[in-house]
Amino acid sequence: LNWKAAAALGLPPKSDAIYQRSPSVTAIGVDGRPLLLPIISQQLTFAGNAQVDKASGVMTGFDSPPSEWKPWDIVQLAVGGIPAF
């Protein structure tokens, strides 16, 4: 998960001490050099269709999940400056 996606999920910024205390994994960048990626536990959830204000065109939220929705288990996400290729 790159830092922009982490911010979109509401995770703490790159400078947050939580990443210093968390375990990490090593990945290999497109340049062949190792990347140290901290791991954070996160519960992902349902996101329904986007709700958009008709007058302004601004997204205001998402539809609520169905009544039978059961949250997913917590997963571990590696976060970092992953290069796009």
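Fair warning: this is a prediction, and the values are worked out from it, not measured in the lab.

Colleague: Could you give an account of the overall build of the chain, naming the residues involved and the relevant values?
Modeller: When helices and strands are counted, the chain shows two helices and five strands. Its helices and strands taken in sequence order, the chain reads α-α-β-β-β-β-β from the N to the C terminus. Against the 2.2 N^0.38 benchmark of 12 Å for 85 residues, the chain shows a C-alpha radius of gyration of 17 Å, more extended than a compact globule. Projected onto its principal axes, the C-alpha coordinates of the chain cover approximately 45 × 30 × 25 Å. Out of the 85 residues belonging to the chain, those deemed buried represent 16%. At a minimum sequence separation of 6, the contacts of the chain that also span at least 24 residues come to 49%. When the accessible surface of the chain is split by element, carbon and sulfur atoms take 57% of a total near 6500 Å².

Colleague: Kindly report on the side chain of Ser-22, identifying the contributing residues and their values.
Modeller: Among the secondary structure elements, Ser-22 is positioned in the loop between α2 (18-21) and β1 (24-28). Side-chain polar atoms of Ser-22 contact the backbone oxygen of Ile-39, separated by 3.2 Å.

Colleague: An account of the pairing of strand β4 (residues 59-62) is requested, with residue identities and associated values reported.
Modeller: Bridge count between strand β3 (residues 50-52) and β4: three bridges; the pairing is antiparallel. Bridge pairing in β4 places Ala-50 opposite Phe-62. The antiparallel hairpin formed by β3 and β4 contains six residues in its connecting segment, where Gly-57 sits at a positive phi of about 80°.

The rules we used
Residues numbered from 1 in each chain as written. Predicted model: local features only at pLDDT ≥ 70, side-chain atom pairs only at ≥ 80, totals over all residues. Heavy atoms only, no water. Helix = DSSP H or I, 4+ residues; strand = E, 2+ residues; numbered from the N terminus. Rg over C-alpha atoms; globule rule 2.2 N^0.38 Å. Buried < 20%, exposed > 50% of the residue type's maximum accessible area, 1.4 Å probe, protein only. Contact = heavy atoms within 4.5 Å. Areas by Shrake-Rupley, 256 points an atom, 1.4 Å probe, with all protein chains shown as cover. Polar contact = N/O pair within 3.5 Å; in protein donor to acceptor, adjacent residues only side chain to side chain. Pairing = 2+ DSSP bridges.

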